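A look at the structure
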Amino acid sequence: MFRFTTGDRAPLYAAILRAFGDANERLVTALGLDDVRERLRGVGWFDALTDDDLVSALKQLGEWRLLDVVQNHAENYHTAEEYERRNLQYSLTRRGEAAFAGVQHALAVLASTGALQTAVLDAIADRVAELAALLGDAGSTDRRVFSTLQELEGHLDALRSNTKQFNGELQRLLRADGTDLATFHEVKAATVGYLQEFLTNLDQRAHAIASAISRVEARGGGASGGEAAGEGDGVEELWRRALRGAELPPTAGGDPAPAWLSLRRARWDGLRAWFLPADGSPPRVEQLHHVARRAIVTLLQVLDRITESRRRSSSAAQDFRELARWFAAAPDEDGLHRLWSAAFGLGSARHAHLVPADPELSGASESWAAAPPVEVSALLRSSGRTERFTRTGRVRDVAALKAARAERARAERAELEAAWSLLRTESPLRLSAFGTLDHGTFERLLDLLGRALAVAPDSTGARRAVTGDGRVEVVLWPPADGAQAVLRTARGRLTGPDYVIEVRTARTRLPAQPAGAEAAG
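Residues numbered from 1 in each chain as written. Predicted model: local features only at pLDDT ≥ 70, side-chain atom pairs only at ≥ 80, totals over all residues. Heavy atoms only, no water.

**Some remarks on the packing of helix α13 (residues 316–328) against helix α14 (residues 333–344)**
α14 packs onto α13 with a crossing angle of 160° between their chain directions and a minimal axis gap of 10 Å. Between α13 and α14, the crossing angle belongs to the class labelled roughly antiparallel. Crossing angle aside, the handedness with which α13 passes α14 is right-handed. Along the contact surface, α13 presents F320, L323, W326 and F327, while α14 presents L336, L339, W340, A343 and F344. When grouped by side-chain class, the residues that make up the contact of α13 with α14 number nine nonpolar, no polar and no charged. (Axes fitted to C-alpha atoms, helices over the stretch in contact; angles between N-to-C directions. Helix = DSSP H or I, 4+ residues; strand = E, 2+ residues; numbered from the N terminus. Parallel < 35°, antiparallel > 145°, perpendicular 65-115°, else oblique. Left-handed = near helix turned anticlockwise from the far one by under 90°. Contact = heavy atoms within 4.5 Å. Nonpolar A, V, L, I, M, F, W, Y, C, P; charged D, E, K, R; others polar.)

See below:
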């Protein structure tokens, strides 16, 4: 199928297939000899090309079953020469379309870069949640179910391809040794920041998708008003409705529905493998989390080594290479010994400052060879110092410091609990209802608002976020009437949209969807 990509005439073959592909995009399926020549100029082929060479190339592509050759019986010909040039027409076969698409895909992969996009995870969560809502709505159309399922599969394919490609580039980056240390350092530092941003709230996004999958599978018979169905009936209902909404055309090879349903089952199994495996194994998104964590640690270690190498004017390897050059240039053996002694200092030890335990046993004029041996401390050889025995230092009593720190921690915890207690709401209310707050509680409220506004809204328009410890959740809805809220503290006031807000703590039961958000205005 891909024999046209090799050989001396490979550029011509590729240009011809590209010309036919360009024509297919314009719904022109058959080209004559003159049409092919004109299309070749349109795709950038300007080399000299005779009719014999072009016909030979078209014939070869036909022998490879990439082109079909048919006679044009609907045309009127005035001369024999016109008949010879315009009678035969060429069109792409299924193999030709597949071969051209394969080359285009390969070129696209080489030119593209992988990415870890949280927006794709949010889109998957929204589409699965929308499918659950459509299955539970008796008034929803099958076409809408089909289009939503197609969007979900497109987002899942984008997640898989981008993640696979980014992981390959990441592993190549971990193995690479950059020649330009400055650029290399910037790339790896930026990659660390990119990974850390992706891992933020990754677990919550994965949990939201898994919960939505469970709701879809529990929706069996919801649209038709049947009784409660067993596990997995919701997916079967989803596929049946999507099949009706797909409106598949009839084919000569038989009913296309079984193959279409088989592909949908495989895609759904792929979705479950990523977020909710049926066999209880770890989901692939969790494996992605571990890979990203390990990559961050590895990249930080590499960055530390690069930073450490910058601090040194030269490396040990460079020092030894320079020393080897000096040894090679030494004039004689005495010079080698002097260089060795100067470089390594491994001469015999001299400890003239040490005295024997009993100085009276040997006089000052006695030879070292005849004098009794003196014990040399091992510490003197390793660090150049002798032991000094002194009184053990007094151990500092840190009990008071520990008690003060514990008391300060308890006070901070009590202050935090008091702030959460003041901000906790029993039901959704307007932001203006808080009125006047002390500055500490006001800062906690601003933190919750910032976390909620940093999250994309779901299909209902609500923004949901939790604190870092997972104990407090905030849900934010935009004001339907465009009202403004004014919050006052001892240090000033804040004016902004009068959002509908609900603050829940871990002790508060979380309803599936708040009621009365519109009425709160």
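Back to the text.
**Quick word on the environment of H207**
Residue position: H207 is located in helix α9 (residues 202–217). Given the relative accessible area of 56%, H207 is considered exposed. Separated by 69 residues in sequence, H207 and L276 place their C-alpha atoms 9.0 Å apart. (Buried < 20%, exposed > 50% of the residue type's maximum accessible area, 1.4 Å probe, protein only.)

**Points about the side chain of T441**
Within the secondary structure layout, T441 lies in helix α17 (residues 439–453). Judged by its relative accessible area of 3%, T441 falls in the buried class. Apart from residues lying up to four places away in sequence, T441 is in contact with A419, L422 and L423.

**A look at the pairing of strand β5 (residues 472–477)**
Extensive coverage of β5 is indicated by the burial of six of its six residues. Here β5 shows a buried face lined by V472, V474 and L476 and a second buried face lined by E473, V475 and W477. Sheet topology note: the strand β4 (residues 463–466)/β5 ladder contains four bridges and is antiparallel. Residue A465 lies in a different strand from β5, and its bridge partner there is V474. Connecting β4 to the antiparallel partner β5 that follows it, the hairpin turn spans five residues, and G470 within it adopts a positive phi of roughly 75°. (Pairing = 2+ DSSP bridges.)

**Digging into the sheet that holds β5**
Across the sheet, which stays open at both edges, the four strands sit in the order β3-β8-β5-β4 with antiparallel pairing between neighbours. Each edge of the open sheet carries a strand with a single partner, namely β3 (429–430) and β4.

**Brief notes about the confidence of the model for the chain**
Confidence along the chain averages 77 in pLDDT terms, with 81% of residues attaining 70 or more. Here residues 508–521 is modelled with pLDDT under 50, and outside its nearest four sequence neighbours on either side it reaches 19 contacts, counting other chains as well. (pLDDT = per-residue confidence, 0-100.)

**Some remarks on the pattern of salt bridges**
Two side chains of opposite charge can pair, provided their charged atoms sit close to one another. Following the criterion strictly, the structure yields 22 salt bridges and no others. As a salt-bridge pair, D458 and R464 come within 3.7 Å of each other at their nearest N and O atoms. Take D458: its relative accessible area is 25%, and that puts it in the partly exposed class. Residue classification places R464 among the partly exposed positions, given a relative accessible area of 27%. Residue R504 is joined to E473 by a salt bridge in which the shortest nitrogen-to-oxygen separation is 3.5 Å. Taken as a pair, R504 in strand β8 (residues 500–505) and E473 in strand β5 lie far apart in primary sequence, 31 residues in all. (Salt bridge = Lys/Arg side-chain N within 4 Å of Asp/Glu carboxyl O.)

**With respect to unusual backbone geometry**
In this model, R65 sits at a positive phi of 60°, which is unusual for a non-glycine residue. Secondary-structure assignment places R65 in the loop between α3 (51–63) and β1 (67–71). You can call R65 exposed: its relative accessible area is 53%. The backbone phi angle of E247 is positive, close to 50°, even though this residue is not glycine. Structurally, E247 is set in the loop between α10 (233–246) and α11 (257–275).

**A look at the environment of H155**
Looking at the element boundaries, H155 is found in helix α7 (residues 142–175). Linking H155 and I124, residues 31 residues apart in sequence, is a C-alpha distance of 6.2 Å. Not counting chain neighbours up to four residues away, the residues in contact with H155 comprise V120, A123, I124 and R127.

**Quick notes on the packing of α9 against α11**
The contact between α9 and α11 brings their axes to 9 Å, and the two run at 140°. Between α9 and α11, the interaxial angle falls into the category oblique. The handedness of the crossing between α9 and α11 is left-handed. Across from A206, I209, A210, I213, V216 and E217 in α9, the residues of α11 making contact are W268, L271, R272 and F275. Considered class by class, the residues forming the contact of α9 with α11 number eight nonpolar, no polar and two charged.

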